[in-house]
Structure formats: C-alpha cells, structure tokens
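# Structure at a glance
Residue strings, one per chain:
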Amino acid sequence: GQQVMQIPQYQHVQEGEDFTTYCNSSTTLSNIQWYKQRPGGHPVFLIQLVKSGEVKKQKRLTFQFGEAKKNSSLHITATQTTDVGTYFCAGHGSSNTGKLIFGQGTTLQVKP
Amino acid sequence: GAVVSQHPSRVICKSGTSVKIECRSLDFQATTMFWYRQFPKQSLMLMATSNEGSKATYEQGVEKDKFLINHASLTLSTLTVTSAHPEDSSFYICSARERGARQPQHFGDGTRLSIL
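Report on the accompanying structure. Computed from a predicted structure; not experimentally measured.

### What to know about the overall build of chain A
In terms of helices and strands, chain A carries zero helices and 11 strands. Walking chain A from its N terminus toward its C terminus, one meets helices and strands in the order β-β-β-β-β-β-β-β-β-β-β. In terms of overall size, chain A behaves like a compact globule, its C-alpha atoms giving a radius of gyration of 13 Å where 112 residues would be expected to give roughly 13 Å. Expressed along its principal axes, the backbone C-alpha trace of chain A runs to roughly 45 × 30 × 20 Å. Buried residues in chain A amount to 48% of all 112 residues. Put simply, 54% of the contacts in chain A that link residues at least 6 apart link residues at least 24 apart. As displayed, chain A has an accessible area near 5400 Å², and 50% of this comes from carbon and sulfur atoms. Side chains of chain A carry 11 positive and 6 negative charges; the gap between the two charge centres is 9 Å.

Structural data, given as structure tokens:
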C-alpha cells in the first residue's frame, strides 16, 4: 500500500540552529499537508501544498513540494524553544477517499 | 475557527467496561470525521472514517464490532470501545473535516484510555 516515509525520526538542535525534516512518498501525491503536535497535545494543521514545485513560507518555516509530487520538506530557520514538538507530513493519494497517509513524524528538541 | 472538541480527555476503567468517546465540531459542519489511535512516540494510525449518515469505513485489522462508530449529525461522531481490555489502552484522537476530500483535518485534544 501507499507509504509516506519521514526522516529523521528525532533531531536535537541548539537554539538558533536550523532544522529540516524530509518526507517521501512511495506514490505520487495529490497534495501534502504538514501538522505539528506539541508534547501531550494534538496535531495542529500548519499548511497544505498542492502544486508541483510549490514553496510556501510561514515566518521562519519554509515548506516545499517536490516537482514529482512525491516528496516534501519543512525547514525551520533559527529554531526557538517554541518549535519543540513532532512534525508530521501527511499526503492524499491519487484516489479520492480523503484519507491522509501520515509519515512517522520527526520529533524536534531544541536546547536553550 | 475550526475547533474540534473531544470528550472525555482521560478515562481509567476496569477491563470489560465499554467506553464512549465523543467528537464534536464546534464551529463548522464536519461531513467526515476520522478516528485515529496513537501509541507513544509513534505516528497516527487511522482506525476508521466516519461519514455523516452512513456506516463507517474501517481500516484493515480494525474490528468494527469492537470499535463502534456512530456519526449521527454533521457535528458529532462517537467511538465506543466495547468490552475494553488492557491492550486497548492507548491515545485515541478524532479529527473532523469540512466538505471536500482535500480539506485539512482539525483534531480534537485526544482521549487517553487506560484499561486496568
């Protein structure tokens, strides 16, 4: 079945350093969504990318969707302690079931 | 906007008890709701998709008689874990989505279920 792989699983950075998480799908995605889950919390929707090669920015966060629509990345510039949490990518397949296939998530720890 | 309320947030009960979890979309109509299970430090595992007014669609390996889902209105879906056992202990999260298969999902706060 369709799989979405996400790396790395864990990342520890010093505050102020950059951070990137990568997402790869076994099949072409119609779109990709990113969510953030704080420790003890629930996933919160961050952004959705739809177009091939699309790049979107939210302050220090930059999201990219690959040209082949099979991979995506989230880059955080100059991390802050408030960035701590697990970042999930999730994709919709080509079928119209509406189900999201979640990656395993990347847990970010930021040392002050 | 797009607030989803999930209740209760925590349940501790004896083995054999049935537990009902409610998921409500407070400020939008959710034509589709999803129920996930999340183990510690792991990703979300989709259990079932719930469409208003119709039977839920369960993922492979999820027992529909064990996890009863009802989506009676556009703002409420319920998950009942019947005759719960310790192996059912987990974090259950619902999400709700407005009309449109590609709309983002909005998650409830989750329910931590502990079966003794």
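The rest of the description comes next.
### Considerations on the sheet that holds strand β6 (residues 55-58) of chain A
Residues and elements named next belong to chain A. Spatially, the five strands line up as an open sheet ordered β1-β3-β8-β7-β6, and their pairing is antiparallel. Only two strands of the sheet have a single neighbouring strand rather than two, namely β1 (4-7) and β6. Neighbour to neighbour, the strand axes of the sheet diverge by 15 degrees on average, direction disregarded. As paired elements, β1 and strand β3 (residues 19-25) share four bridges and run antiparallel to each other. Residue pairing in the sheet places Q6 in a bridge with C23 of β3.

### As for the interface of chain A and chain B
The interface of chain A with chain B comprises 23 residues on the first partner and 21 residues on the second. Buried area between chain A and chain B, summed over both chains or domains, comes out near 1600 Å², and the portion from carbon and sulfur atoms is 51%. Among the residues chain A hides against chain B, the three largest losses belong to H42, K99 and F102 of chain A. Together they make up 29% of the total. One can count one salt bridge joining chain A with chain B. Between K99 of chain A and E59 of chain B there is a salt bridge; the shortest N-O distance is 3.1 Å. Class assignment for the residues of the side of chain A that touches chain B results in seven nonpolar, 15 polar and one charged.

### Remarks on the side chain of K69 of chain A
Residue and element names in this part refer to chain A. Tracing the sequence through the fold places K69 in the loop between β7 (61-65) and β8 (71-76). Here K69 is buried and forms no salt bridge, its nearest opposite-charge partner E54 lying at an N-O distance of 7.7 Å. In this structure the side chain of K69 is engaged in a polar contact, spanning 2.9 Å, whose partner is the backbone oxygen of V50. Setting aside its immediate chain neighbours within four residues, K69 contacts T27, T28, L29, S30, V50 and S52.

### Looking at the pattern of salt bridges
Residue and element names in this part refer to chain A. By the definition in use, this model includes five salt bridges over all chains. Of the charged contacts in the structure, one is a salt bridge between D83 and R60, with a shortest N-O distance of 2.9 Å. Of the two residues, D83 sits in the loop between β8 and β9 (85-92) while R60 sits in the loop between β6 and β7, which places them 23 residues apart along the sequence. Given a relative accessible area of 5%, D83 falls into the buried group. We classify R60 as partly exposed; its relative accessible area is 23%.

### Points about unusual backbone geometry
Put simply, I7 of chain A and P8 of chain A share a cis peptide bond, and its omega is -5 degrees. Tracing the sequence through the fold places P8 of chain A in the loop between β1 and β2 (10-14). Look at the link from H7 of chain B to P8 of chain B: it is a cis peptide, with omega at 0 degrees. One can find P8 of chain B in the loop between β1 (4-7) and β2 (10-13). A positive phi angle, close to 50 degrees, is found at A78 of chain A, a residue other than glycine. The residue A78 of chain A is located in the loop between β8 and β9 in this model. One non-glycine residue, S83 of chain B, adopts positive backbone phi at about 45 degrees. Looking at where S83 of chain B falls in the secondary structure, it is placed in the loop between β8 (76-81) and β9 (90-97). Under the relative-accessibility criterion, S83 of chain B is labelled partly exposed at 33%.

What counts and how
- Residues numbered from 1 in each chain as written.
- Chains lettered and ligands numbered in written order.
- Predicted model: local features only at pLDDT ≥ 70, side-chain atom pairs only at ≥ 80, totals over all residues.
- Heavy atoms only, no water.
- Helix = DSSP H or I, 4+ residues; strand = E, 2+ residues; numbered from the N terminus.
- Rg over C-alpha atoms; globule rule 2.2 N^0.38 Å.
- Buried < 20%, exposed > 50% of the residue type's maximum accessible area, 1.4 Å probe, protein only.
- Contact = heavy atoms within 4.5 Å.
- Areas by Shrake-Rupley, 256 points an atom, 1.4 Å probe, with all protein chains shown as cover.
- Lys, Arg positive; Asp, Glu negative; His and termini not counted.
- Charge placed at Lys NZ, Arg CZ, Asp CG, Glu CD.
- Pairing = 2+ DSSP bridges.
- Axes fitted to C-alpha atoms, helices over the stretch in contact; angles between N-to-C directions.
- Buried area = accessible area lost by both parts, 1.4 Å probe.
- Salt bridge = Lys/Arg side-chain N within 4 Å of Asp/Glu carboxyl O.
- Nonpolar A, V, L, I, M, F, W, Y, C, P; charged D, E, K, R; others polar.
- Polar contact = N/O pair within 3.5 Å; in protein donor to acceptor, adjacent residues only side chain to side chain.

Nothing here speaks to function; it is all geometry.
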